[in-house]
Amino acid sequence: MKKKKIALFGFGCVGQGLYDIIQQQNDLPFEISKICVKDPNKTRNLPGSVFTYDKHEIFNDNDIEIIAEAISDDDEALEIVKLALKHGKKVVSASKKMLADNLADLIELESKSSGVLIYEASVCGSIPILRTLQDYYQRSSIDGISGILNGSSNYILSKIIDEDCSYTTALREARELGFAETDPTLDVGGFDASNKLCIIARHGFHMPLKTKEIFQFGIRHISEHEIAFAQKKGYKIKQVAILQKTKPNRYLAMVIPAFVDGHHPLYKIDNEYNGVILQSEFMGDQLLTGKGAGSHPTGWAMFSDLLAITNGYRYNYYNNDPAGSLPDTDFAFNIYLKCTSDMVMIALDFKLLEDLSPGTAYRFVYGSVKLKDLLKFRSSENFKTTFITLDLRYLLNKLSGINEKKGIVKAMV
Ligand code: HSE
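None of these values were measured; they are calculated from a predicted model.

S.K.: Could you clarify how one ought to interpret the overall build of the protein in this entry?
M.R.: Each helix and strand counted, the protein has 14 helices and 19 strands in total. For the protein, the C-alpha radius of gyration of 22 Å lies close to 22 Å, the compact-globule estimate for 413 residues. On the principal axes, the C-alpha backbone points of the protein span a range of 70 × 45 × 40 Å. Put simply, the protein has 413 residues, and 58% of those count as buried. Relative to all contacts within the protein whose residues are 6 or more apart in sequence, the contacts with residues 24 or more apart total 72%. Placing the 49 positive and 51 negative side-chain charges of the protein at their respective mean positions leaves the two points 3 Å apart.

In structure tokens:
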């Protein structure tokens, strides 16, 4: 049988991982016929004839049916995906920020074209989360999705807490290992996890979540105080993404560092691994875990999408949220706050429950805060000198109660 022709856009970490996986397979229904890259002067370990620098060469080639897009320039990625759909091609994308920012438009474009768009590789590396939500959970009502969605942050936090590594060294390693984004601020600022939460929300909650509706707080300014506190208490610090129904038409959406104790399933998800907990009506809780970053794990997600799309696979979309749910801004929960001034507590309308650093120049305090005050605080000057760590156990207790025996969160609502 004649093999279908694929064009690969991008030959970075993920593109090379995909290429390598394809080279190690036999009897595939497709083959890579061209690789489109930006820089003609870069040395690459493949013959020059396989590369092109002109995307139109690919879109004008009717023999190329499938596009695999794995580039780091989001504007360019958007143009490529749009062109692919307009030309009726099947496209597999790994560009999470581009997808999170443009998903509604791309779904609309796909519905009007003869093309198809799928994007498992954009979220959680090797974990088949979108496929699971699409195919297994399709009729299940999901009350909550939470987890670790960024491999680099998890790698950095694991090295800091478990191996006493410095933040700078751990970040350098995350970059060297190919986990971090070209601009690692996306990872450590919580933006990458927010983008992934938006994509997962479209398939899990069937609603168009936007990044501006998510309270995101990164790990960039983590200090010795939170680290010492975690080590003293036997906690780990994890950057946790949470999307939770709190009441009808209201939800809580956050990406935030959290103290996680040994009973919680995310406690054992270390290094570049990701873990996603799905809370559903009939199945209770499920944890899906696997490598969330890296050349081969993410390349495999693209490879699996290529096989699926070749077999006619596509996503089904529907809107489960016609009323248009909103963030539950009055929702209160407990956090640990490290700041240099009482002004921060006043700005946050923080209800102090415990002072953990009496008599010191900085404040390390425990107390309650409302989502609306955190959302407002994002534009404050003090935002950069403050560190916020969620009391995850308190939040989960408030939301649903915890089954201590299994250490698993019970389904809520
Ligand atoms: N920079 C991303 C991460 C890569 O660390 O999770 C995978 O999406």
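S.K.: Can you walk me through the domain arrangement of the protein in this structure?
M.R.: Bring the parts together and some accessible area is lost; that lost area is often taken as the interface size. Examined at the domain level, the protein breaks down into domain 1 (4-118) and domain 2 (128-292 + 324-413). Here the C-alpha centre of domain 2 lies 32 Å away from the C-alpha centre of domain 1. With nine residues of domain 1 at the contact, the number on the domain 2 side is eleven residues. Each partner contributes to the roughly 770 Å² buried at the junction of domain 1 and domain 2, and carbon and sulfur atoms together form 67% of this total.

S.K.: Looking at this structure, I do not really get the state of the cysteines. What am I missing?
M.R.: A covalent bond between the sulfur atoms of two cysteines is referred to as a disulfide. Throughout the structure, instances matching the rule amount to zero disulfides. Looking at the unpaired Cys13, the closest cysteine sulfur is the one in Cys124, lying at 16 Å. What makes Cys13 partly exposed here is its relative accessible area of 33%. There is no disulfide at Cys165, and the cysteine sulfur nearest it, in Cys13, is 20 Å away.

S.K.: Looking at this model, I keep getting lost on helix H10 (residues 224-233). Mind explaining?
M.R.: Because the α-helix completes a turn every 3.6 residues, residues three or four places apart line up on one side. Listed as buried for H10 are His225, Glu226, Ile227, Phe229 and Ala230. On the buried face of H10, the contacting elements are helix H6 (151-163), strand E9 (236-247), strand E10 (250-260), strand E14 (332-339), strand E16 (363-370) and strand E17 (387-391).

S.K.: I keep staring at the pairing of strand E5 (residues 90-93) and nothing clicks. Help me out?
M.R.: The side chains of a regular strand alternate, residue by residue, between the two faces of the sheet. By the bridge criterion, four bridges tie strand E4 (residues 64-69) to E5 in an arrangement that is parallel. Note that in E5 the partner of Ile67 across the bridge is Val91. This β-α-β element, E4 to helix H3 (residues 74-86) to E5, shows right-handed connectivity. Of the strand pairs in this sheet, E5 and strand E6 (residues 116-118) are connected by three bridges, and their pairing is parallel. Pairing of Val92 across the sheet is with Ile118, part of E6. The β-α-β motif built from E5, the intervening helix H4 (residues 96-112) and the parallel element E6 has right-handed crossover chirality.

S.K.: Hey, could you run me through a nonpolar patch on the surface in this one?
M.R.: Together, Tyr136, Phe282 and Met283 make up an exposed nonpolar region whose accessible area comes to about 380 Å². Turning to its location among the elements, Tyr136 is positioned in the loop between helix H5 (129-135) and strand E7 (142-148).

S.K.: Is there a simple way to explain the sheet that holds strand E3 (residues 51-52) in this structure?
M.R.: Strand pairing within a sheet occurs via backbone hydrogen bonds; the two strands may be parallel or antiparallel. With parallel pairing, the six strands of this open sheet are ordered in space as E3-E2-E1-E4-E5-E6. Each edge of the open sheet is held by one strand with a lone partner, namely E3 and E6. Judged from the two bridges that link them, strand E2 (residues 30-36) and E3 form a sheet pairing that is parallel. Pairing of Cys36 across the sheet is with Thr52, part of E3. Of the strands in this sheet, strand E1 (4-9), E2 and E4 touch helix H1 (residues 13-23), which is tilted by about 150° from E2. Across the sheet, H3 lies against E1, E4, E5 and E6, angled at about 160° from E4, the strand it touches most.

S.K.: Help me understand the site of the ligand in this model?
M.R.: The immediate surroundings of the ligand are formed by Lys96, Asn150, Gly151, Ser152, Phe179, Ala180, Glu181, Asp187, Asp192, Lys196, Gly292 and Ala293. Here an oxygen atom of the ligand sits 2.7 Å away from a polar atom, N or O, in the side chain of Ser152. Here the shell around the ligand is built from residues that sort into three nonpolar, four polar and five charged.

S.K.: Help me understand the pattern of salt bridges, please; the structure alone is not making it clear to me.
M.R.: Two side chains with opposite charge may pair up if their charged atoms get near one another. Scanning the entire structure with this criterion turns up 22 salt bridges. A salt bridge links Asp162 to Lys236, with the shortest nitrogen-to-oxygen separation between them at 4.0 Å. Within this pair, whereas Asp162 is found in helix H6, its partner Lys236 is found in strand E9, the two being separated by 74 residues in sequence. A residue is classified by how much of its surface remains accessible, and Asp162, at 42% relative accessible area, is partly exposed. For Lys236, a relative accessible area of 10% corresponds to the buried category.

S.K.: When you look at the packing of H4 against helix H9 (residues 191-204) in this model, what are you seeing that I'm missing?
M.R.: The packing of two helices is summarised by the inter-axis angle and the distance between the axes. Where H4 contacts H9, the axes come no closer than 7 Å and their chain directions differ by 30°. In terms of their interaxial angle, H4 and H9 are classed as roughly parallel. When you trace H4 past H9, the crossing you get is left-handed. Residue-level contacts link Lys96, Lys97, Leu99, Ala100, Asp101, Leu103 and Ile107 of H4 to Asp192, Asn195, Lys196, Cys198, Ile199 and Arg202 of H9. When its residues are assigned to classes, the contact of H4 with H9 shows six nonpolar, one polar and six charged.

S.K.: How do you make sense of the nonpolar core when you look at a structure like this?
M.R.: Across soluble globular proteins, you tend to see nonpolar side chains buried next to one another. Ranked by internal contacts, the top residues of the largest apolar core, which has 85 residues, are Ile35, Ile67, Ile129 and Leu209. Counting only domains with at least three residues in this core, you end up with domain 1 (4-118) and domain 2 (128-292 + 324-413).

S.K.: Where do I start with the pairing of E1 in this structure?
M.R.: As defined by bridge partners, E1 adjoins E2 across six bridges and the pair is classed as parallel. Paired with Lys5 across the bridge in E2 is Glu31. Of the crossover connections in this fold, the one passing from E1 over H1 to the parallel E2 is right-handed. In the sheet, E1 pairs with E4 via five bridges, with the strands oriented parallel. Bridge pairing links Leu8 to Ala68 in E4.

The rules behind the values
- Residues numbered from 1 in each chain as written.
- Predicted model: local features only at pLDDT ≥ 70, side-chain atom pairs only at ≥ 80, totals over all residues.
- Heavy atoms only, no water.
- Helix = DSSP H or I, 4+ residues; strand = E, 2+ residues; numbered from the N terminus.
- Rg over C-alpha atoms; globule rule 2.2 N^0.38 Å.
- Buried < 20%, exposed > 50% of the residue type's maximum accessible area, 1.4 Å probe, protein only.
- Contact = heavy atoms within 4.5 Å.
- Lys, Arg positive; Asp, Glu negative; His and termini not counted.
- Charge placed at Lys NZ, Arg CZ, Asp CG, Glu CD.
- Domains from an automatic or database assignment.
- Buried area = accessible area lost by both parts, 1.4 Å probe.
- Disulfide = S-S within 2.5 Å.
- Pairing = 2+ DSSP bridges.
- Right-handed = clockwise from strand over helix to strand, strands pointing away.
- Patch = residues over 30% accessible without salt bridge, like charges linked within 9 Å, V, L, I, M, F, W, Y side chains within 5 Å.
- Areas by Shrake-Rupley, 256 points an atom, 1.4 Å probe, with all protein chains shown as cover.
- Salt bridge = Lys/Arg side-chain N within 4 Å of Asp/Glu carboxyl O.
- Axes fitted to C-alpha atoms, helices over the stretch in contact; angles between N-to-C directions.
- Near = heavy atom within 4 Å.
- Polar contact = N/O pair within 3.5 Å; in protein donor to acceptor, adjacent residues only side chain to side chain.
- Nonpolar A, V, L, I, M, F, W, Y, C, P; charged D, E, K, R; others polar.
- Parallel < 35°, antiparallel > 145°, perpendicular 65-115°, else oblique.
- Left-handed = near helix turned anticlockwise from the far one by under 90°.
- Core = buried A, V, L, I, M, F, W, Y, C linked by side-chain atoms within 4.5 Å.

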